[in-house]
Amino acid sequence: MADSPDSSKIRFSRRGFLKGAGVTAATSVIETANALARNANDAVHSGRVSGPEALPVKLHINGREHSVVIEPRDTLAQTLRDNVGLTGTKVVCDRGSCSACTVWIDKMPALACMTLSIDTTGRQITTIEGLSHGEQMHPVQAAFVKHDAMQCGFCTPGMVMSCAALLERNPSPSLSDVKHAVSGNLCRCGTYPKVFAATLDVAQQRAGLVTLASGTEA
Ligand code: FES
Ligand code: FES
């Protein structure tokens, strides 16, 4: 369909909306959204604007390069689920208010439903499927099972991604740190106390291993 005279303005407005709406969750998500927004603005000002037709791109997901054909308006959540088949990333609100769709972009939590796939080229994307190694669960996943930190499970992948990201940047979080890290993750089943316990358990296990290792060296 031919573009109307105002279509470029409409596309820009949608992109602007997505960028703006993406900043409604936790601080680390805000930082990632701002970095992506800066890239989008740079692209606009340098004339590097793609679309509106679908175009082939390569996305680096869970340590592998994936060739996909996407429209510039496609969100990362759509691309992960519909193009790549990684359905572990859940879409619940699809408007940046629940963090169920949390993934990592360059190891920082980001909302996949509020991120345009085209803005993630050249970035390292990690989804819930990328945390485990084959049948071996990530320690945070194992701790969620151990502490029964899930009920319906819709929030769980996003919750795990937020908690695992916290432990990447802060190996010894306090309860308050954990609460802050998942402050954007809505759990309608009320599993928060178990999520906190699971995350702190992983931190304590790791601290014990570090103490054990340093004791062995001494
Ligand atoms: S924030 Fe993305 S599905 Fe709710
Ligand atoms: S386990 Fe159901 S929403 Fe969190």
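Residues numbered from 1 in each chain as written. Chains lettered and ligands numbered in written order. Predicted model: local features only at pLDDT ≥ 70, side-chain atom pairs only at ≥ 80, totals over all residues. Heavy atoms only, no water.

1. Some remarks on the nonpolar core
Next, step 1: Counting 25 residues, the largest nonpolar core has Leu 131, Val 140, Phe 144 and Met 159 as its most contacted members.
Next, step 2: The set of elements that each furnish at least two residues to this core consists of helix H4 (139-146), helix H5 (156-169), helix H6 (175-181) and helix H7 (192-217).
Next, step 3: Among the elements that take part in this core, H5 stands out by supplying 8 residues, more than any other.
Next, step 4: With sequence-adjacent residues up to four places away left out, Val 140 is seen in contact with Val 160, Cys 163, Ala 164, Leu 167 and Val 202.
Next, step 5: Counting 20 residues, the second largest nonpolar core, distinct from the first, contains Leu 76, Leu 111, Cys 113 and Ile 118. (Core = buried A, V, L, I, M, F, W, Y, C linked by side-chain atoms within 4.5 Å. Buried < 20%, exposed > 50% of the residue type's maximum accessible area, 1.4 Å probe, protein only. Helix = DSSP H or I, 4+ residues; strand = E, 2+ residues; numbered from the N terminus. Contact = heavy atoms within 4.5 Å.)

2. Thoughts on the sheet that holds strand E3 (residues 102-105)
Within a sheet, adjacent strands bond to each other through the backbone by hydrogen bonds, running parallel or antiparallel.
Next, step 1: An order of E2-E1-E5-E3-E4 is seen for the 5 strands of this open sheet, with the pairing classed as mixed. Strand pairing shows two members of the sheet lacking a second neighbour, strand E2 (64-70) and strand E4 (108-111), which therefore form its edges. The sheet shows a mean angle of 45 degrees between the axes of neighbouring strands, taken without regard to direction.
Next, step 2: Lying over the sheet, helix H3 (residues 76-83) contacts strand E1 (55-61), E2, E3 and strand E5 (124-126), oriented at roughly 100 degrees with respect to E2.
Next, step 3: Lying on the sheet, H5 is in contact with E3, E4 and E5; it crosses E3 at an angle near 35 degrees. (Pairing = 2+ DSSP bridges. Axes fitted to C-alpha atoms, helices over the stretch in contact; angles between N-to-C directions.)

3. Focus: the pattern of salt bridges
Next, step 1: Within this structure, the stated rule accounts for 5 salt bridges.
Next, step 2: A salt bridge links Asp 201 to Lys 146, with the nearest nitrogen and oxygen atoms 2.7 Å apart. With Asp 201 in helix H7 and Lys 146 in helix H4, this residue pair connects regions lying 55 residues apart in the sequence.
Next, step 3: Residue Lys 146 is classed as exposed on the basis of its relative accessible area of 57%.
Next, step 4: The shortest N-O distance in the salt bridge between Asp 148 and Lys 194 comes to 3.9 Å. With Asp 148 in the loop between H4 and H5 and Lys 194 in helix H7, the pair connects residues that are 46 residues apart, well separated along the chain. (Salt bridge = Lys/Arg side-chain N within 4 Å of Asp/Glu carboxyl O.)

4. Some details on H3
Helical geometry: 3.6 residues make up each α-helical turn, so side chains three or four residues apart lie on a common side.
Next, step 1: Buried within H3 we find Leu 76, Ala 77, Thr 79 and Leu 80.
Next, step 2: Looking at the buried side of H3, the elements it contacts are E1, E2, E3 and E5.
Next, step 3: Taken from the residues just after H3, Gly 85 is the one with a positive phi, measuring 80 degrees.

5. Describing the packing of H4 against H5
Next, step 1: Two elements in contact, H4 and H5, have axes whose closest approach is 9 Å; the angle formed by their N-to-C orientations is 125 degrees. As far as their axial angle goes, H5 and H4 are oblique. H4 and H5 meet at a crossing whose hand is right-handed. Between H4, through Val 140, Gln 141 and Phe 144, and H5, the contact on the second element is made entirely by Thr 156, Met 159, Val 160, Cys 163, Ala 164 and Leu 167.
Next, step 2: Tallied by class, residues from the contact of H4 with H5 come to 7 nonpolar, 2 polar and no charged. (Parallel < 35°, antiparallel > 145°, perpendicular 65-115°, else oblique. Left-handed = near helix turned anticlockwise from the far one by under 90°. Nonpolar A, V, L, I, M, F, W, Y, C, P; charged D, E, K, R; others polar.)

6. Side note on the packing of aromatic side chains
Next, step 1: Following the criterion strictly, the structure yields 1 aromatic pair and no others.
Next, step 2: Ring centres of Tyr 192 and Phe 196 lie 6.2 Å apart, and the angle between their planes is 35 degrees; on these two criteria the pair is classed as tilted. With Tyr 192 and Phe 196 both in helix H7 and 4 residues apart, this pair spans about one turn of that helix.
Next, step 3: By relative accessible area, which is 23% here, Tyr 192 ends up partly exposed. (Phe/Tyr/Trp six-rings, centres within 6.5 Å; stacked < 30°, edge-to-face > 60°.)

7. Concerning the environment of Asn 185
Next, step 1: Along the chain, the position of Asn 185 falls in the loop between H6 and H7.
Next, step 2: Spatially, the C-alpha atoms of Asn 185 and Gly 158 are 7.1 Å apart, while their sequence positions differ by 27 residues.
Next, step 3: Separated by 3.2 Å, the side chain of Asn 185 and the backbone oxygen of Gly 158 make a polar contact.
Next, step 4: Engagement of the side chain of Asn 185 in a polar contact is seen with the side chain of Ser 162, the distance being 2.9 Å. (Polar contact = N/O pair within 3.5 Å; in protein donor to acceptor, adjacent residues only side chain to side chain.)

8. With respect to the confidence of the model for the protein
Next, step 1: For the protein, the mean per-residue pLDDT works out to 85, and 73% of the residues sit at or above 70.
Next, step 2: With pLDDT under 50 throughout, residues 1-14 is counted as low confidence; its partners more than four residues away or in other chains account for 5 contacts.
Next, step 3: Across residues 16-25 the pLDDT falls below 50, and counting only partners more than four positions away or on other chains, this stretch makes 23 contacts in the model. (pLDDT = per-residue confidence, 0-100.)

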